[in-house]
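The chain contents come next:
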Amino acid sequence: MTILVTGGAGFIGSHVVEALVRAGHGVRVLDSLRADVHGPDPDLAPITLPGVDLVVGDVTSPSAVAAAVDGCDAAVHLAAKVGLGVDFADTTDYVHTNTMGTAVLLAALADTGIRRLVLASSMVVYGDGDYLDDTGRLVRPAPRRMEDLEAGRFDPTGPAGEPLIPTLVDETSRLDPQNVYAATKLHQEHLSEAWARSTAGRAVALRFHNVYGPRMPMNTPYAGVASIFRSAVERREAPTVLEDGAQRRDLVHVRDVADAVVAGLDATTHAATGSLAAYNVGSGIVHTIGQLADAVSRAGGGPAPVVTGRYRIGDVRHITASSERIAAELGWRARIGFTEGMREFALAPLRQRSGSAQR
Ligand code: UD1
C-alpha cells in the first residue's frame, strides 16, 4: 500500500516514514518544509529511503494536497503547528494550519475515495483531566486562576480549595481543551469523525503524550520541554523548570509513537466504517517535569536544573492518561524505557533551525 504522510519530514513524521517503510509500505510525504521549523536547509536524509517520495507543499493548499493524495491508499495526518505558542497572536496560524489543513486534507480524501485515516491528536484535549478528592470522589477542577499561579498555588483544587489527587484519564473522559492548540486538536478529531461518518471512512485518532527522541526540534518556543532542557544543557546552561517542577507528564519515545501509528493504520482495515476510534498513546509511566530536567541534565553532564516558579498561561498542570485501550485493542505498548530513552536522547542529534546558535 502507499500511505500519505502529511508532515512526514518533521520530528514524528520522519520516524513514522521509517516505520511504514519497515512495515513494507510505500510512502508519499507531503511537507511544507517551513523554514521556521526546518531551517533554510531541511535535512531530508532520514526520509530519503526506497519507496518514499516527497511532495513539497502546504497541507492547507488544495492543489498541493490533491497532488499528494493521488495514488495513495490511506493517510496519516501529522502536519500541524504544535505547542502553546508565544502569544495569542499565534491563534490564526494554529487555526489555519491545524483546522484548515485538516479540512483540506479530508475534502481531498473524500474526493479521491481514500477511506482510511490516522490522525495525530494529543493528550491536551483532556485539559487538566480528572482528580480525586479526599473522599475518593472524581472531581474535574476549573481551569487554574492567574492569581493562584502568581501566588505559587500551582495544583488545581476542589470547590472548597481542598487538595486533589490527579488520576489517569481514559478515552471516555470529558474533553476540555484549555488553549488554542488543544482546541484545534479536538477540532481535528471532530472533523475527522464527521468525514468518517459521511464517507463511510475509518479513522483512528492517536492522542499522543509528550513525545521525545532523536530529531526533536531544538531552540524554538514551539519545541517540547524535553528538547528545551536538552538544548540548555548542550549550551552548558541550567534547564529552567517552570512552576515548582511537580507537573506530571508521560514521556513517550518517538520510535514507540511511530509504531503506534503503524498499529493505528492496521486498525483502519477492520474498524467499523463511519467511525473514529481514539486511543491514548503514552509509555504508561508518569514523571514530573523536575525529574525530566534532572534526567536530561545528568545524562548530558549538567548543569543542574533551576526551578523558577514562573508559569505560562494555558499550561495544563498534569497530563496523565491510561494507554491500556490501545494495548488491549491494537496490541501496542511502549517498549523504550525512560532511562534508556533519556540516555540516547542526551546524545542524539536534534533538528536545528535557521539562525540557531546551537552546536
Ligand atoms: C506537549 C506538546 C504538545 C503535545 C502534548 C501531549 C510541545 C511544545 N508540546 O504539550 O504538542 O500535544 O505534549 O501531551 O511539544 N516547561 C518547563 N520549562 C520550559 C518549558 C516548559 O518547565 O522551558 C514545563 C511547562 O510548564 C509544562 C511542561 O514543561 O508544565 C510541558 O511543557 P511542553 O512540553 O511545552 O507542553 P505540553 O503542554 O506538555
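Owing to the predicted nature of the structure, the values given are computational and were not obtained by experimental measurement. Throughout this description, residue numbers start from 1 for each chain and increase along the sequence as written. Reporting of local features is limited, given that this is a predicted model, to residues whose pLDDT is at least 70; pairs of side-chain atoms are given and counted only at 80 or more, and all residues count toward the totals for whole chains, interfaces and linings. Side-chain numbers come from the whole structure's heavy atoms, not from hydrogens or water.

A. Molecular detail of the layout of surface pockets. Space inside the second largest pocket adds up to approximately 240 Å³. Space inside and on the surface of the protein is sampled on a 1 Å grid over the protein atoms alone, with a cavity defined as a set of points where a 1.4 Å probe fits but cannot get out and a pocket as an open set with protein on both sides within 12 Å along at least 5 of 7 lines; lining residues have an atom within 4 Å of a point. Surrounding the second largest pocket, 13 residues form its lining, Ala142, Arg145, Asp148, Pro156 and Thr157 being those nearest its centre. Looking at side-chain class alone, the lining of the second largest pocket contains five nonpolar, three polar and five charged residues. Grid points are joined across faces, edges and corners, and a volume is the space filled by probe spheres set on the points. Polar here means any residue outside two lists: the nonpolar Ala, Val, Leu, Ile, Met, Phe, Trp, Tyr, Cys and Pro, and the charged Asp, Glu, Lys and Arg; Gly therefore counts as polar.

B. Focus on the sheet that holds strand β9 (residues 202-208). Strand order across the open sheet formed by seven strands is β3-β2-β1-β4-β5-β9-β14, with parallel pairing between neighbours. If you trace the sheet from one side to the other, it starts and ends with β3 (52-56) and β14 (275-281), each paired once. Strand-to-strand twist of the sheet, defined as the mean angle between neighbouring strand axes without regard to direction, takes the value 20°. The criterion for strand pairing is that DSSP finds at least two bridges linking the strands in question. Numbering of helices and strands runs from the N terminus; a helix is a DSSP stretch of H or I covering at least four residues, while a strand is a stretch of E covering at least two. Both β9 and β14 contribute to a ladder of seven bridges, which runs parallel. Directly across from Ala205, in β14, lies its bridge partner Ala278. In this analysis, two residues are considered to be in contact whenever any of their non-hydrogen atoms come within 4.5 Å of each other. Every axis corresponds to a line fitted to the C-alpha atoms, with the helix fit spanning only the stretch in contact, and the corresponding angles, defined between N-to-C directions, vary from 0 to 180 degrees. Where helix α3 (residues 62-69) meets the sheet, its contacts fall on β1 (2-6), β2 (26-31) and β3, and the angle it forms with β2 comes to roughly 175°. The strands touched by helix α8 (residues 254-267) are β1, β4 (74-77), β5 (116-122), β9 and β14; relative to β9, the strand with the most contacts, the crossing angle is about 160°.

C. Focus on helix α11 (residues 338-347). Listing the buried residues of α11 in full gives Phe338, Gly341, Met342, Phe345 and Ala346. Looking straight down α11, one finds its buried side chains confined to an arc of 135°; they lie on one side. Summarising the geometry of α11, the exposed residues directed more than 90 degrees from the buried face are Thr339, Arg343 and Leu347. Looking at the buried residues of α11, the elements they touch are β10 (210-212), α7 (225-234), β13 (251-253), β15 (287-288) and α9 (289-299). Burial here depends on accessible area, computed with a 1.4 Å probe over protein chains only, as a share of the maximum for the residue type. Under 20% is buried, over 50% is exposed, and the range in between is partly exposed. Working note: the arc is built from the helix axis to C-beta atom directions.

D. View of the packing of aromatic side chains. Here a Phe, Tyr or Trp ring, Trp counted by its six-membered ring, pairs with any other such ring whose centre lies within 6.5 Å, and the pair is stacked when the planes are under 30 degrees apart, edge-to-face when over 60, and tilted otherwise. Summed over all chains, the structure comprises two aromatic pairs. Aromatic side chains Tyr212 and Phe345 sit 5.7 Å apart centroid to centroid with 85° between the ring planes, which places their arrangement in the edge-to-face category. Note that Tyr212 is positioned in strand β10 and Phe345 in helix α11, a separation of 133 residues in sequence. Across the pair, exposure class does not vary: Tyr212 and Phe345 are buried alike.

E. Examining empty space enclosed by the protein more closely. Per the stated rule, a full pass over the model turns up one cavity of 30 Å³ or more. Volume-wise, the largest cavity comes out at about 60 Å³. In this structure, the largest cavity is lined by 13 residues; those nearest its centre are Asp128, Gly129, His318, Ile319 and Thr320. Across the lining of the largest cavity, the residue classes break down as six nonpolar, five polar and two charged.

F. Representation of the environment of Cys72 in the model. In this fold, Cys72 is placed in the loop between α3 and β4. Once the C-alpha coordinates of Cys72 and Arg325 are considered, the two residues, 253 residues apart in sequence, prove to be 29 Å apart. Sequence-distant contacts of Cys72, that is, excluding residues within four places in its chain, are made with Thr2, Ile3, Leu4, Arg28 and Ile114.

G. Region of interest: the site of the ligand. Near is defined per residue: the residue qualifies when any heavy atom it owns lies within 4 Å of the molecule or strand. Around the ligand, a shell composed of 23 residues is seen, among which Ser122, Asn210, Leu242, Arg249 and Asp315 lie nearest. Here a polar contact is recorded for every N or O atom pair within 3.5 Å, except that within protein the pair must consist of a potential hydrogen donor and a potential acceptor, and residues adjacent in sequence are included only if both atoms are side-chain atoms. Within the side chain of Ser122, a nitrogen or oxygen atom sits 2.5 Å from an oxygen atom of the ligand. Between the ligand and the protein, one listed contact pairs an oxygen atom with a side-chain N or O atom of Arg249 at 2.7 Å. Isolated, the ligand exposes 740 Å² of accessible area, and the fraction of that covered by the protein chains is 91%. A class-by-class count of the residues in the shell around the ligand yields 13 nonpolar, seven polar and three charged. Each accessible area is a Shrake-Rupley result for a 1.4 Å probe, and residues are judged covered by the shown protein chains and nothing else.

H. Up close: the packing of helix α1 (residues 11-22) against α8. At a minimum axis separation of 8 Å, α1 and α8 run at an interaxial angle of 55°. In this view, α1 runs oblique relative to α8, as classed from their interaxial angle. Crossing geometry of α1 relative to α8 is assigned as right-handed. Contact with α1, carried on its side by Phe11, Ile12, His15, Val16, Ala19, Leu20 and Arg22, involves Val254, Arg255, Val257, Ala258, Asp259, Val261, Val262 and Leu265 of α8 and no other residues of that element. In what follows, roughly perpendicular refers to angles from 65 to 115 degrees, roughly parallel to angles under 35, roughly antiparallel to angles over 145, and oblique to any angle outside these ranges. Left-handed is the label given to a crossing in which the near helix is rotated counterclockwise from the far helix by less than a right angle, and right-handed is the label when the rotation is clockwise.

I. Looking closely at unusual backbone geometry. Here the residue pair Gly302 and Pro303 is connected by a cis peptide bond, since its omega of -5° sits within 30 degrees of zero. Its identity as a non-glycine residue notwithstanding, Arg215 has a phi of 75°, on the positive side. Positionally, Arg215 belongs in the loop between β10 and α7. Positioned with a positive phi, Arg236 is a non-glycine residue whose angle comes to about 65°. On the secondary structure map, Arg236 appears in the loop between α7 and β11 (240-241).

What is shown is where atoms sit, not what they do.
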